[in-house]
Amino acid sequence: MATHAEHVTQAPPAARDGRPFPTDYRTWKILAWGGLVFLAAVFGLWGLLARNMPPFPPSATPDEVKAHFQEFRLPLLIALSVCVTMTALYMSWSVAVARVMESIEGPGGLLSKLEMMGGTITCAPVMVTLAIWLTAAHEVNYLTPEVMHMLYWMGWLLFDLAYFVTSLQIAAVCIVFMRDKREKKLVPDAVSWWGWVTFASFFAVSAIPFVTTGPLAFNGVISFWIAFFTWFFWIPSLSFFIIKAIDRLKAEDAAAGHVTG
């Protein structure tokens, strides 16, 4: 009869008095919720309130770009200023994901570190991009149409072409969770396979500096509606199982006598 080797939870490191360090599961779970809060803010504020679904066309003239920012100046100021701050939640979410990955890869695993660094560094171009557009909206009445056009394009080029940092984060997540040897994996393979779809779709945005219309433009079917929304669906699906995984890991630790706090 074939037998299944159960996953063995590693004991946490011991403190100076010989007792294991406590694991703060509550804080861990709060960090895991950060991805969903971040996504809701981006979708509701940047996407809907700031009129970025779909984005203002890349083929727009400098005068049209300035007129757009003047017309929607207030909603842009509100949406972008909040989203600059909320982007930090993607970093905190990435920390929680990395901690769950360590339960499979082991403490200090390279892929867990790559995921956490990828999520943290992803925040940088997003924050800078939002700040560029926020500056454009704030100063729209003092800037020439040509400068407004430059700032609008500068934001999109940074926002999209920094994608490979996030791609490495996604790849690290998918590899580790697909290596999970549990009978019931912490994250199902379907979520990891969707991560690989997201990884592949991101390559399309490399074309945005060269086109202003069509499916590969930054508002196009492939570069925006497919590449962007594969990521939008991947984050909540992964977050759901990460949050559940924390409870499962707490139960595993409790069964092994490792829960001390």
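In case you missed it, the structure is sitting above this.
What you are looking at is a predicted structure, and each value in this text was computed from that prediction instead of being measured.

**Student:** Describe helix H2 (residues 62-71), and please don't skip the residues or the numbers.
**Tutor:** Buried residues of H2: Val-65, Lys-66, His-68 and Phe-69, and no others. The buried residues of H2 occupy one face: seen down the axis, they fall within an arc of 155°. Counted as exposed and oriented over 90 degrees from the buried face of H2: Asp-63 and Glu-71. On its buried side, H2 packs onto helix H3 (73-86), helix H5 (110-138) and helix H6 (145-161).

**Student:** So what's going on with the packing of aromatic side chains? Which residues, and what values?
**Tutor:** This model, assessed by the stated rule, comprises 38 aromatic pairs. Ring centres of Phe-38 and Tyr-90 lie 5.3 Å apart, and the angle between their planes is 55°; this geometry places the pair in the tilted category. Placement of the pair is Phe-38 in helix H1 (residues 25-49) and Tyr-90 in helix H4 (residues 88-105), with a sequence separation of 52 residues. Taken individually, Phe-38 and Tyr-90 each receive the classification buried, so the pair is uniform in this respect.

**Student:** Before we move on, can you summarise the environment of Thr-87 with the specific residues and values?
**Tutor:** By the secondary structure assignment, Thr-87 is in the loop between H3 and H4. When the C-alpha positions of Thr-87 and Val-37 are compared, they lie 9.5 Å apart, and in sequence the two are 50 residues distant. Setting aside chain neighbours within four positions, we find Thr-87 in contact with Phe-38, Cys-123, Val-126, Met-127 and Leu-130. Reaching out from Thr-87, the side chain makes a polar contact with the backbone oxygen of Cys-83 at a distance of 2.7 Å.

**Student:** Please provide a residue-by-residue account of the side chain of Thr-166, values included.
**Tutor:** Residue position: Thr-166 is located in helix H7 (residues 163-178). Among all residues touching Thr-166, those that are not within four sequence positions of it are Tyr-90, Thr-122, Phe-202 and Trp-231.

**Student:** So, the pattern of salt bridges: which residues are in play, and what are the values?
**Tutor:** Taken as a whole, this structure holds four salt bridges when the rule is applied. For the salt bridge of Asp-247 with Lys-29, the shortest nitrogen-to-oxygen distance reads 2.7 Å. In this pair, Asp-247 is assigned in helix H9 (residues 221-255) and Lys-29 in helix H1, connecting sequence segments 218 residues apart. Taking relative accessible area as the criterion, Asp-247 reaches 41% and is therefore assigned partly exposed. Lys-29 gets classed as partly exposed once you look at its relative accessible area, which sits at 23%. Across the pair Arg-182 and Asp-180 runs a salt bridge whose closest N-O atoms are separated by 3.0 Å. Both residues of the pair, Arg-182 and Asp-180, count as buried.

Parameters and conventions
Residues numbered from 1 in each chain as written. Predicted model: local features only at pLDDT ≥ 70, side-chain atom pairs only at ≥ 80, totals over all residues. Heavy atoms only, no water. Buried < 20%, exposed > 50% of the residue type's maximum accessible area, 1.4 Å probe, protein only. Helix = DSSP H or I, 4+ residues; strand = E, 2+ residues; numbered from the N terminus. Arc of directions from axis to C-beta. Contact = heavy atoms within 4.5 Å. Phe/Tyr/Trp six-rings, centres within 6.5 Å; stacked < 30°, edge-to-face > 60°. Polar contact = N/O pair within 3.5 Å; in protein donor to acceptor, adjacent residues only side chain to side chain. Salt bridge = Lys/Arg side-chain N within 4 Å of Asp/Glu carboxyl O.

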